[in-house]
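So the chains spell out like this:
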Amino acid sequence: MKIGIVGATGEVGRAMIKVLEDFKVPVKELKLFASKKSSGKILTFNDEKIIVEELTEDAMKLKYDFLLFSAGSDVSKKFAPIAAKYGNIVIDNSSAFRMNKDIPLVVPEINGYLLNNYKGIIANPNCSTIQMVLSLYKVHEKFGIDEIFVSTYQAVSGAGYKAIAELQKQLNGENITSVFPKQIAYNVIPLIGDITVDGFSTEEYKMINETRKILNDYTIKVFPTTVRVPVFYGHSEAVVVKTKIPFKEISSIENEIKNSKDVIFSDEVITPIEIAGTDYVYVSRLRKIDESRFAFWNVADNIRVGAATNAIRILMVMAGLS
Ligand SMILES: NC(=O)c1ccc[n+]([C@@H]2O[C@H](COP(=O)([O-])OP(=O)(O)OC[C@H]3O[C@@H](n4cnc5c(N)ncnc54)[C@H](OP(=O)(O)O)[C@@H]3O)[C@@H](O)[C@H]2O)c1
């Protein structure tokens, strides 16, 4: 297979290279693209050194089996349609096309069937949304989800490599604030994205809208509070769910979570540092509130499960590899 990664030098791009290796995807040729300033950098894939190239329109007109985009919305909006026009399959990590009704928004374990005979641009959901719907899709199938209240504890890596450097510098005593609106070291920031007219942030709207689209149920009410915390890798979520059909015993919810693909249920307390670098969502601290409401703690590696691994899982389904 010939694969291209756009945004290869970024947090998600580098993780995509690693996941392709880890999942032993049979790649014959890998092309790596980034901005002009990274042109000439060398990255390694399966012990092979690959030179990063500047992204150009002409490069998108060539033939690939898959192009994986993770260079932000503006880059996707400009280059992904060109690649698709020239017959390429694009798996896009940005928010550019997620809510476009003609573009599938895919978590393969949940709605991978949308990929059957599909060609063109496929959208990868937001990191916080992916891990939440993975833990809840079986519960939704059985009991129907009415409402979700979720507070997120999102790692700085979710904002890219510059954000990681900013936390590291602040921890080293430097007084710089550029990626985040306030100091993130030793702090929490209860705002990700921009505040919209009704007070919810753009990041919170991603969770609201994408959850409904992926679970294909526009009656689900989602009330998120998205918070940035000084953790390098791994998003956590405190989730409270109300079901349409009473589940009565919490063991019924536990069973559905245990039946969910790529989700691990645990009786231990799971924290982000323990699961960074893995490809599963971890559910712990499950508890009953009443016969139709329950709460749990949900943790996953945002760069892998929330971005790179989901994209490679899409690729593998489309390539007939899983
Ligand atoms: N981090 C996450 O948890 C996460 C999760 C889900 C989705 N996403 C999405 O994935 C995308 C990338 O995120 P990230 O965290 O990997 O960001 P990042 O670490 O900041 O990396 C950005 C990448 O995009 C490249 N890039 C920037 N401007 C470009 C341009 N004009 N032309 C070509 N390449 C350009 C950068 O190249 P240079 O190195 O040359 O600057 C770098 O490779 C974003 O859309 C983000 O919303 C991220």
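Basis of the calculations
Numbers given for residues are sequential positions, taken from 1 along each chain in its written order. It should be noted that, the model being predicted, local features are given only for residues of pLDDT at least 70 and side-chain atom pairs only at 80 or more, the latter also being counted only at that level, while totals for whole chains, interfaces and linings use all residues. Only heavy atoms go into the side-chain values, all of them from the structure, while hydrogens and water stay out. How far each domain reaches was decided by an automatic or database domain assignment. Computed with a 1.4 Å rolling probe, the buried area is the accessible surface lost when two parts are put together, summed over both parts. The term salt bridge refers to a pairing of a side-chain nitrogen on Lys or Arg with a carboxyl oxygen on Asp or Glu at a separation within 4 Å. Pairs of N or O atoms within 3.5 Å make up the polar contacts considered here, provided that, within protein, one atom can donate a hydrogen while the other can accept it, and that residues adjacent in sequence are counted only when both atoms are side-chain atoms. Each helix is a run of H or I in the DSSP string that is no shorter than four residues. Each strand is a run of E no shorter than two, and both are numbered from the N terminus. Of the two site types, the cavity is a set of points on a 1 Å grid over the protein atoms alone where a 1.4 Å probe fits but cannot get out, and the pocket is an open set with protein on both sides within 12 Å along at least five of seven lines, each lined by residues with an atom within 4 Å of a point. Grid points are joined across faces, edges and corners, and a volume is the space filled by probe spheres set on the points. Each residue gets one of three labels, nonpolar for Ala, Val, Leu, Ile, Met, Phe, Trp, Tyr, Cys and Pro, charged for Asp, Glu, Lys and Arg, and polar for the others, Gly among them. Pairing between strands is defined by DSSP: at least two bridges between them are needed. Any two residues having at least one pair of non-hydrogen atoms within 4.5 Å are treated as being in contact. Helix axes are fitted to C-alpha atoms over the stretch in contact, other axes to C-alpha atoms as well, and angles between N-to-C directions run from 0 to 180 degrees. Note on classification: 1.4 Å probe, protein chains only; a residue is buried when its accessible area is under 20% of the maximum for its type, exposed when over 50%, partly exposed between these limits.

Q: Just to check I follow, could you spell out the domain arrangement of the protein chain for this structure?
A: Interface size is commonly expressed as the accessible surface area that is lost when the partners come together. The domain boundaries assigned to the protein chain delineate domain 1 (2-125 + 307-318) and domain 2 (128-302). Put simply, the middle of domain 1 and the middle of domain 2, counted by C-alpha atoms, are 24 Å apart. Of the roughly 1700 Å² buried between domain 1 and domain 2, counting both surfaces, carbon and sulfur atoms make up 60%. Contact with domain 2 buries surface across domain 1, with Glu 11, Glu 109 and Ile 110 losing the most and accounting together for 34% of the total. Across the domain 1-domain 2 interface, the total number found is two salt bridges. One salt bridge connects Glu 210 with Arg 98, and the closest N-O pair in it is separated by 3.1 Å. Counting every contact that joins domain 1 to domain 2 gives nine residue pairs in polar contact (both at pLDDT 80 or more). Among the secondary structure elements, those contributing two or more residues to the side of domain 1 that touches domain 2 are α4 (108-111) and α10 (304-318). Broken down by element, the side of domain 1 that touches domain 2 gets its largest block of residues, four residues, from α10.

Q: Is there a simple way to explain the layout of surface pockets in this structure?
A: By rolling a water-sized probe across the atoms, one finds the places where empty space is left. Computed from the structure, the largest pocket encloses a volume of approximately 1300 Å³. Lining the largest pocket are 50 residues; nearest its centre among them are Ala 71, Gly 72, Gly 158, Ala 159 and Gly 160. Of all the secondary-structure elements, those providing two or more residues to the lining of the largest pocket are α1 (11-22), α3 (73-85), α6 (161-171), α7 (202-215) and α10. Its residues placed into classes, the lining of the largest pocket shows 19 nonpolar, 21 polar and ten charged.

Q: Where do I start with the sheet that holds strand β7 (residues 90-92) in this structure?
A: With parallel pairing, six strands are arranged side by side in an open sheet as β5-β2-β1-β6-β7-β8. Only two strands of the sheet have a single partner each, and these edge strands are β5 (53-54) and β8 (121-123). Contacts from α3 reach β1 (2-6), β6 (66-69), β7 and β8, with the element oriented near 175° to β6.

Q: How do you make sense of the side chain of Thr 129 when you look at a structure like this?
A: Looking at the secondary structure, you find Thr 129 in helix α5 (residues 127-143). Once residues lying within four places of it in the same chain are set aside, the contact partners of Thr 129 are Lys 206, Met 207, Glu 210, Thr 211 and Ile 214.

Q: Looking at this structure, I do not really get the pattern of salt bridges. What am I missing?
A: A side chain with one charge can pair with a side chain of the opposite charge if their charged atoms come near. For the structure on display, the rule yields 17 salt bridges. Between Lys 61 and Asp 58 there is a salt bridge, with the nearest N and O atoms lying 3.8 Å from each other. Taking relative accessible area as the criterion, Asp 58 reaches 56% and is therefore assigned exposed. Bridged by salt links that share partners, the residues Lys 18, Asp 22, Asp 279 and Arg 304 form one connected network.

Q: What am I meant to see in unusual backbone geometry here?
A: The phi torsion of most residues other than glycine is negative, and most of the peptide bonds are trans. A positive phi angle is found at Tyr 186, which is not glycine, with a value near 60°. Inspection of the secondary structure assignment puts Tyr 186 in the loop between α6 and α7. On the basis of relative accessibility, which here comes to 67%, the residue Tyr 186 falls in the exposed class. For Arg 285, which is not a glycine, the phi torsion comes out positive at approximately 50°. Note on placement: Arg 285 falls in strand β13 (residues 281-290).

Q: Looking at this structure, how should I read the environment of Ala 319?
A: Looking at where Ala 319 falls in the secondary structure, it is placed in the segment after α10. Under the relative-accessibility criterion, Ala 319 is labelled partly exposed at 31%. Along the backbone, Ala 319 and Ser 251 are 68 residues apart, and their C-alpha atoms lie at a distance of 37 Å. When neighbours within four sequence positions are excluded, Ala 319 is seen to be in contact with Met 1 and Phe 66.

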